[in-house]
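This is what each chain is made of:
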Amino acid sequence: MNSDISLLSSSTVLGWTDGQLAASHMPKEIASSIAARIQTLGEPTSENSTVHITMPGNDKVHVVVVFLPSHPSPAHLREATGRAVREMGAQKHVVIDMPHSTVEEHAAIEEGALLGSYSFDVYRATDTSVPTFEIVTDLPDVGKPNTHVEISVAAQQFVQNLVNTPAADLYPEHLEKAARELVSNLDVEVTSWSGTALEEMGCGGLIGVGKGSVHEPRLVKLDWNPNNARTHVALVGKGITFDSGGMSLKSHEGMIDMKTDMTGAATVAATVFACASLGVPVRVTAWMCIAENMLSGTSMHVGDVLRIANGTTVEVNNTDAEGRLVLADGLSHAVRDNPDQIIDVATLTGAQIRALGNRYAGLMGTDELVTCIVQAAEKAGEYIWPMPLPDYLMSVLDSKIADMRNTGTAEAGMLTAGLFLRRFTGGLPWAHIDIAGPSFNPGSPWGYTPSGATGYGVRTLLTHIETLATQ
Ligand code: BES
Ligand code: ZN
Ligand code: ZN
């Protein structure tokens with residue numbers, strides 16, 4: 001147990017449950033003095049809300065008291081700790097005295113603290129220093145940093161850093177390089193195709209979408225294939241390093257955050273990194289479908305017909321529906337390995353945001369896998385919601401000259417995008433996660449989630465794959 005001295009002299013995070021301080025290690029008199037101050041100021045009562053005070057007897061020491069429900073889950077503890085740490089601002093050292101009685105809860109508190117202290121300072125004159133944390137605990141053997149938490153956070157922050165990076169500094173080549181560097185010390189095989197090799201792979205979707213850019217498109221495969229693999233999961237990620245819309249040019253407003261359109265590819269790479277770092281006994285193959293969707297004299301036209309890697313031809317009636325074109329190539333190649341299941345992750349549609357907002361992802365796919373992903377997301381503390389893939393909508397993707405076209409009518413844009421992708425999944429168990437909303441927070445921070453890139457989805461995928469390893 002930590003000494004009272006450090007408890008009273010460092011910035012501190014405390015929990016508030018059922019009208020009182022939650023199982024704190026504060027000396028009794030200090031705890032009651034804090035509780036009295038909180039009662040005067042007004043208790044935090046809504047989910048994760050906080051009250052900021054100073055330490056009794058030392059008004060230089062910052063104390064954040066965060067509301068918790070009566071029986072907080074690990075997800076509650078992660079969010080609440082993350083919010084409190086985030087609101088703490090620049091600090092050197094933070095003592096976290098949150099209620100917990102299991103290693104899992106302790107890990108969630110640690111993860112929340114690390115996520116809540118994220119900031120992206122590459123483009124600023126001064127760096128915000130990341131504080132050190134001390135979690136006050138009665139549990140034995142949790143003194144050292146938890147490897148699982150560290151790897152999970154590193155994976156999420158890898159995604160956040162890339163997604164926050166402007167498109168001028170992160171074009172297709174860089175995204176490939178970043179993925180290669182991420183897994184360079186791990187037993188992960190990396191293969192990539194661009195130029196004529198991409199043509200030989202039949203990737204008409206990637207080539208078509210990338211045609212307007214001076215930066216070549218590419219398909220990157222990361223394969224973690226341990227000897228003791230129990231099953232094989234293929235992950236396919238949308239890696240559009242900038243989505244201008246192409247000839248179907250976006251509005252100024254619509255283009256503002258389009259550097260984030262590679263989140264899916266970064267997410268699948270981060271998941272392979274986490275699985276390989278943790279030695280998860282599941283083969284995980286990530287396919288990063290990388291291109292820049294630009295408007296120029298060499299761009300694909302509206303009305304062009306592309307041939308996807310599985311032979312399907314697609315009439316491009318909207319060049320801004322480019323994600324499904326590059327994913328179709330990735331899915332086609334993923335299917336050839338005959339994995340046990342395929343999961344694609346993509347910032348695919350504005351319709352996803354209109355339907356579910358900024359915190360929930362839309363989930364579509366085959367029933368059993370969808371159920372597993374819902375459970376994994378719940379466990380990981382990420383919001384996701386299942387959506388239908390109605391067969392009757394399929395006809396809106398009929399083309400007069402090709403096997404299909406890439407967009408339907410204005411209605412149900414998230415679902416028609418899902419239906420489009422289904423055509424390339426070879427009938428395998430498949431899930432499609434549309435993360436257009438939760439991948440990026442254009443508004444104010446909440447919980448441990450900062451403004452900007454969120455790292456959403458890594459924990460759900462990792463939890464899902466780790467669950468498969470135990471089955
Ligand atoms: N990258 C966008 C989707 C998007 C929008 C992601 C906003 C994140 C925030 C995607 O490529 C796109 O432009 N989709 C179109 C599809 C339409 C043309 C059928 C859309 O949603 O408007
Ligand atoms: Zn687009
Ligand atoms: Zn896009």
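Structure first, text after, so check above.
Here, residues in each chain are numbered from 1, in the same order as that chain's written sequence. All chains are assigned letters beginning with A, and all ligands numbers beginning with 1, in the order in which they are written. The predicted nature of this model means local features are confined to residues of pLDDT at least 70 and side-chain atom pairs, given and counted, to a pLDDT of 80 or more, with totals for whole chains, interfaces and linings taken over all residues. The basis for every side-chain value is the complete set of heavy atoms in the structure, and neither hydrogens nor water enter the calculation.

## A look at the coordination of the zinc ion (ligand 2)
With water excluded from the atoms, a metal site may look incomplete; its donors are any N, O or S atoms within 2.8 Å, or within 3.2 Å for Na, K and Ca. Around the zinc ion (ligand 2), the protein contributes the donor atoms D243 (OD), D320 (O), D320 (OD) and E322 (OE), which lie 2.0 to 2.2 Å from the metal centre. Think of it this way: with four donors and all angles in the 85 to 135 degree range, the site is tetrahedral; with four or six donors, opposite ones beyond 155 degrees and the rest between 65 and 115, it is square planar or octahedral; otherwise it is irregular. Coordination at the zinc ion (ligand 2) is irregular: its six donor atoms span angles of 70 to 167° at the metal. Taken in sequence order, the residues that donate to the zinc ion (ligand 2) follow the motif D-x76-D-x1-E. In this structure, the zinc ion (ligand 2) lies 3.2 Å from the zinc ion (ligand 3), and both are coordinated by D243. We call a residue buried when its accessible area falls under 20% of the maximum for its residue type, exposed when it is over 50%, and partly exposed in between, using a 1.4 Å probe and counting protein chains only. When its relative accessible area of 0% is taken as the criterion, E322 is described as buried.

## Regarding the sheet that holds strand β17 (residues 430-434)
Taken together, eight strands build an open sheet; the order of strands is β7-β8-β10-β9-β13-β17-β14-β15 and the sheet is mixed. Edge positions in the open sheet fall to β7 (188-193) and β15 (384-386), since each of these has one partner strand only. Pairwise comparison of adjacent strand axes, ignoring direction, gives a mean angle of 20° for this sheet. With six bridges connecting them, β7 and strand β8 (residues 218-224) associate as antiparallel partners. When the bridges of β8 are listed, S192 appears paired with V220. In this analysis, two residues are considered to be in contact whenever any of their non-hydrogen atoms come within 4.5 Å of each other. Convention adopted: a line fitted to C-alpha atoms gives each axis, helices being fitted over their contacting stretch, and angles between N-to-C directions are expressed from 0 to 180 degrees. The way it works is that DSSP assigns letters per residue, a run of H or I at least four long becomes a helix, a run of E at least two long becomes a strand, and they are numbered from the N terminus. Relative to the sheet, helix α10 (residues 263-278) contacts β7, β8, β9 (232-243), β10 (283-293) and β13 (341-346), its axis offset from that of β9 by approximately 140°. Packed on one face of the sheet, helix α14 (residues 413-422) meets β13, β14 (361-365) and β17 and runs near 145° to β17. What makes two strands pair is DSSP finding at least two bridges between them.

## Some details on empty space enclosed by the protein
Where empty space is left in the structure can be found by rolling a water-sized probe over the atoms. Of the two site types, the cavity is a set of points on a 1 Å grid over the protein atoms alone where a 1.4 Å probe fits but cannot get out, and the pocket is an open set with protein on both sides within 12 Å along at least five of seven lines, each lined by residues with an atom within 4 Å of a point. Grid points are joined across faces, edges and corners, and a volume is the space filled by probe spheres set on the points. Per the counting criterion, the structure on display carries two cavities of 30 Å³ or more. Empty space within the largest cavity amounts to approximately 40 Å³. T267, V345, I384, I433, I435, Y456, G457, T460 and L461 together form the lining of the largest cavity. Partitioning the lining of the largest cavity into residue classes produces six nonpolar, three polar and no charged. In terms of lining residues, the second largest cavity is bounded by G208, V209, G212, G246, M247, N293, M294, S299, M300 and T319. In this classification, the charged set is Asp, Glu, Lys and Arg, the nonpolar set is Ala, Val, Leu, Ile, Met, Phe, Trp, Tyr, Cys and Pro, and all remaining amino acids, among them Gly, are polar. Tallied by class, residues from the lining of the second largest cavity come to four nonpolar, six polar and no charged.

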